[in-house]
Amino acid sequence: MYAKEEIMFCLRKLINYTEIKIEIERAKPTGDLDVVFKKYCRKSPQLRYCVTNFTEAIEPCLSPEERYMKQTILNITDALIRFICFKEGERIALFIAEGGPECLKDNQDEIMQCFNSTFSHYMPKEAAVKQEEAPLFQLGEKECRDISKLQQCVVEHLEKCSEPTPSNIVDSLIAYVRKDTLCQQYEPNHARSSTVNSVLLALSGFLVFINRFH
């Protein structure tokens, strides 16, 4: 619990949602969204520092099989930073300018159903589960297939929006992040272990983060 509180505190110091929302609304009429995200993308080293500290803090709680999670989280963080901060935030600025947050909000129930239909069975049913009883998630053939199903499901719903840009960017984001997981390298005869929680955390975190700007 301490590690979770620590990373949330660290992230709040970097990103004030109320402040950035105001900055975005001010920048929309003048088309200066890229200026806003350039400012925040330059904080990406501090963001990675927050995540690195988090992975160091949780490592003692992980089983030997789960310690792949540490590097997986860092890989996904790096992938998200590279994608979102490409040309200092050009993609995220375009996503917002083309109605991305509104598109997500209009389809939030359907997107949640996408998550539930593909990954709910991986999660503990009880709210309070002892660490030693928590399920170990393997990123093998089935899990990678479920991530692909999730991607397809989310994108299909976003394609119903009036502009194609939001669905295209989310589709590209998920595909880009998957390249930094074992799904990209997975071979049926040489299955390797990792955790799928970090993939879900990164993707759902991005959707929640963007939806706050609506």
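Now for a quick tour of the structure. (Residues numbered from 1 in each chain as written. Predicted model: local features only at pLDDT ≥ 70, side-chain atom pairs only at ≥ 80, totals over all residues. Heavy atoms only, no water.)

### Digging into the overall build of the chain
Here is step 1: The helix and strand tally for the chain stands at 11 helices and 0 strands.
Here is step 2: In sequence order, the chain lays out its α and β elements as α-α-α-α-α-α-α-α-α-α-α.
Here is step 3: Of all 214 residues assigned to the chain, the portion counted as buried reaches 42%.
Here is step 4: Across the chain, every contact between residues at least 6 apart in sequence was considered, and the portion connecting residues at least 24 apart equals 75%.
Here is step 5: Within the structure as shown, the chain displays about 12,300 Å² of accessible surface, and the carbon and sulfur contribution to it stands at 53%. (Helix = DSSP H or I, 4+ residues; strand = E, 2+ residues; numbered from the N terminus. Buried < 20%, exposed > 50% of the residue type's maximum accessible area, 1.4 Å probe, protein only. Contact = heavy atoms within 4.5 Å. Areas by Shrake-Rupley, 256 points an atom, 1.4 Å probe, with all protein chains shown as cover.)

### Quick look at the state of the cysteines
Here is step 1: Throughout the structure, instances matching the rule amount to 5 disulfides.
Here is step 2: The side chain of Cys41 participates in a disulfide bridge whose partner is Cys85; the two sulfur atoms lie 2.1 Å from each other. Residues Cys41 and Cys85 share a disulfide whose torsion about the S-S bond is about -90 degrees; that sign makes it left-handed. Placement of Cys41 in helix 3 (residues 33–41) and of Cys85 in the loop between helix 5 (68–84) and helix 6 (90–97) is noted, with a sequence separation of 44 residues between them.
Here is step 3: You can call Cys41 buried: its relative accessible area is 10%. (Disulfide = S-S within 2.5 Å.)

### Structural notes on the packing of helix 5 against helix 10 (residues 165–178)
Here is step 1: For the pair helix 5 and helix 10, interaxial distance at closest approach is 9 Å and the crossing angle is 145 degrees. Handedness of the helix 5/helix 10 crossing: right-handed. Taken together, the residues of helix 10 that come into contact with helix 5 (itself represented by Ile76, Ala79, Leu80, Arg82 and Phe83) are Ile169, Ser172, Leu173, Tyr176 and Val177.
Here is step 2: Residues belonging to the contact of helix 5 with helix 10 are distributed by class as follows: 8 nonpolar, 1 polar and 1 charged. (Axes fitted to C-alpha atoms, helices over the stretch in contact; angles between N-to-C directions. Left-handed = near helix turned anticlockwise from the far one by under 90°. Nonpolar A, V, L, I, M, F, W, Y, C, P; charged D, E, K, R; others polar.)

### Here we look at unusual backbone geometry
Here is step 1: The backbone of Lys87 shows a phi angle near 50 degrees, a positive value even though the residue is not glycine.
Here is step 2: Phi is positive for Glu88, which is not a glycine, with a value near 55 degrees.
Here is step 3: Inspection of the secondary structure puts Glu88 in the loop between helix 5 and helix 6.
Here is step 4: Given a relative accessible area of 31%, Glu88 falls into the partly exposed group.

### What to know about the pattern of salt bridges
Here is step 1: Applying the stated criterion across every chain, the model contains 11 salt bridges.
Here is step 2: Between Glu56 and Lys70 there is a salt bridge; the shortest N-O distance is 3.0 Å. Of this pair, Glu56 sits in helix 4 (residues 44–58) while Lys70 sits in helix 5, and the two are 14 residues apart along the sequence.
Here is step 3: Accessibility expressed as a relative area gives 41% for Glu56, which makes it partly exposed.
Here is step 4: On the basis of relative accessibility, which here comes to 18%, the residue Lys70 falls in the buried class.
Here is step 5: Overlapping salt bridges, with partners in common, bring together Glu19, Glu23 and Lys39 in one network. (Salt bridge = Lys/Arg side-chain N within 4 Å of Asp/Glu carboxyl O.)

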